[in-house]
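Below, each chain spelled out in residue letters.
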Amino acid sequence: MSQEPPGAAMAPEPPRLLIVDDTPAHLALLAEVLGPQFRVQVAPSGQDALEAVAEGLPDLILLDVAMPGMDGYEVCRRLKADPATRDVPVIFLTGRDEEEDEVRGLELGAVDYITRPPSLPILLARIRTHLELKHARDLLAWSLEETRQAKEAAEQATRFKSAFLAMASHEIRTPLGAMVGLAELLLATPLASEARAWASTLHTSGETLLGLLNDLLDSAKIEAGRLELELRPCSLRQVGQEACGLLREQARQRGLDLTFEATPEVPAWVEADGLRLRQMLLNLLGNALKFTSQGTVDCRIQATPRPGGRAHVTLAVQDTGIGIPPEVQARLFQPFAQADASTSRRFGGTGLGLDITRRLAELMGGSIAVESREGKGSTFRIALDLPVLEGPQAPPAPEPARTDAPPWTGRWVLVADDNPASQLMTRSLLARWGVQARAAHTGLEALDFLDREAFDLVLLDARMPGLDGPETARRIRARGFRVPLVGFSAGLSFGDAPLDATLSKPPRQGDLQDLLHRLWAAVPPVRGEGDAT
């Protein structure tokens, strides 16, 4: 980037004028008149003028028309055709006073046309005006270049920030997710009451940290414009049922009724980002449960048909909680906003959830609003306009989530993950369901395993040393292996890698279980039962 704008020097020199005329008397007179205010250079011919300009650009050129060899029109044409000299102002100063001569000069790019004999005050005024205009143009060009370079620097910083956030997300969430998953597995084993309390606290604390980390990363992604929606067929009823199902136990522990209803007008399938819809509902439901001590929390989805195969969808969460003061409602959807400091101390949280929900709704072309009365409760409504999928476009309804996984004896899974704790958690979870697993710590190790053994599934971490998950998936397919490939990542994208499915990291037991049911339904194991080769 340039250090200072044009003309910003401590003691700028007077502007430099080049006077081009084949008449010595004209050159001498102009040099004498203009010399006290400008640095004057003279050229007795068109060729001499071009040579002088090549040695150093003047700030303005006074150019005669009628000259032997190369006239002023040709000099002007050449100057304007050269990118290095086209911005130098040219004023024709000539004895030709015909209109067509003036028109021709201006069409060639001159900024002015003055006939002899010139009035000295008018000549000086016009020279100063065009010098000021040139300085203004130079300053504008400098400013635009500074802006362009600043924009490029900001965009590069945003790219670096996004890449760092994705990497940091993966590196932090991977061990944290393993800790949460192992605590969950530990809670499923016989434990003494004290040990169970410790494991439960460990699990709850880990879930809280994961939620906080996810909120911070989502907020940063949205702020940087790097969060992209994954639009695909989505069941609104399933999204609502899943969100309520995840929080039903929390509601039960607080003595609250958590209900869900989808009205008959809600279409079976819409095109939307189901994961983000569930995230928005979880944010609203989580807040409702947090601020409600008794009564109910109701989740309701409604829809109204719109022309063009669309539906106006409303996702509403109503509670009987403490309510929100009117003066707080106006800033409720800003980052880190809560009713007051005592709210954060009493109920916890960062205040990011509603801001993320608002920005996700706006990213989907929708909006969010709240109605609330202190002591009576609150109702949050997300309004979206979504495309409806009907007939053959809609995929078959998925099987309901299993609560009990049958033993998958004889199934083998290759887990490619460079994090030992994450490996242990995933393999332990699979072992509970009768699944045998091999562990590969790099993409190359995974390829070696596939060359030697048959597997029913390959779980690929996104980030591994040497060969990352996406490239490993491409090489597996390039070698002709037809084994199902599932990517799991704590925030990194697999791009266009040839995967059969993706899971967030750490994978929820229910999500992984449902995925195995779907991929292995009516498909026999690739190895015979009991074959451990």
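All chains use their own residue numbering, which begins from 1 and follows the written sequence. In view of the model being predicted, local features appear only for residues whose pLDDT reaches at least 70, and side-chain atom pairs are presented and counted only at 80 or more, with totals across whole chains, interfaces and linings using the full set of residues. As a rule here, side-chain values come from all non-hydrogen atoms in the structure, and water together with hydrogens is ignored.

1. Quick notes on the nonpolar core
Our working definition: Here the nonpolar core consists of buried residues drawn from Ala, Val, Leu, Ile, Met, Phe, Trp, Tyr and Cys, with membership extended through side-chain atoms lying within 4.5 Å. Type-normalised accessible area, obtained with a 1.4 Å probe on protein chains alone, sets the label of each residue: buried when under 20%, exposed when over 50%, and partly exposed for intermediate values. Helix and strand definitions here come from DSSP, where helices need a minimum of 4 consecutive H or I residues and strands a minimum of 2 consecutive E residues; each element is numbered from the N-terminal end. Any two residues whose heavy atoms approach within 4.5 Å at even a single point are treated as in contact.
By size, the foremost hydrophobic cluster in this structure holds 46 residues, and its most contacted members are L236, L277, L285, V313, L332, F380 and I382. Those elements that provide at least two residues to this core are helix 7 (236-253), strand 8 (269-272), helix 8 (274-290), strand 9 (296-306), strand 10 (310-319), helix 11 (353-363), strand 11 (367-373) and strand 12 (377-389). Looking at this core element by element, the count peaks at 7 residues for helix 8. Leave out the neighbours within four places in its chain, and V313 touches L236, I301, Q302, A303, I382, A383, L384 and L386. By size, the runner-up hydrophobic cluster in this structure holds 21 residues, among which are L18, M70, V75 and A110.

2. A few points about the packing of helix 2 (residues 46-55) against helix 3 (residues 72-81)
Helix-helix packing is described using two parameters, namely the angle between the two axes and the distance between the axes. Here is the rule: Fitting a line to C-alpha atoms yields each axis, with helices limited to the stretch in contact; the angle taken between N-to-C directions then spans 0 to 180 degrees. Reported orientations rely on four angle classes, namely roughly parallel under 35 degrees, roughly antiparallel over 145, roughly perpendicular from 65 to 115, and oblique for the rest. Crossings are assigned a handedness: left-handed for a near helix turned anticlockwise from the far helix by less than a right angle, right-handed for a clockwise turn.
For the pair helix 2 and helix 3, interaxial distance at closest approach is 9 Å and the crossing angle is 25 degrees. One way to sum up the angle between helix 2 and helix 3 is to call them roughly parallel. Between helix 2 and helix 3 the crossing geometry is right-handed. Across the interface between the two elements, G46, L50 and V53 of helix 2 pack against V75, R78 and L79 of helix 3.

3. Remarks on helix 14 (residues 469-478)
Here is the rule: Each C-beta atom gives one direction from the helix axis, and the arc is the one those directions make.
Those residues of helix 14 that fall on the buried side of the exposure criterion are G469, P470, T472, A473 and I476. The buried residues of helix 14 all sit within an arc of 160 degrees when viewed along its axis, so they share a single face. Residues of helix 14 that are buried sit in contact with helix 13 (443-452), strand 15 (457-461) and strand 16 (485-489). Immediately beyond the C-terminal end of helix 14, within one or two residues, lies G480, with a positive phi of roughly 90 degrees.

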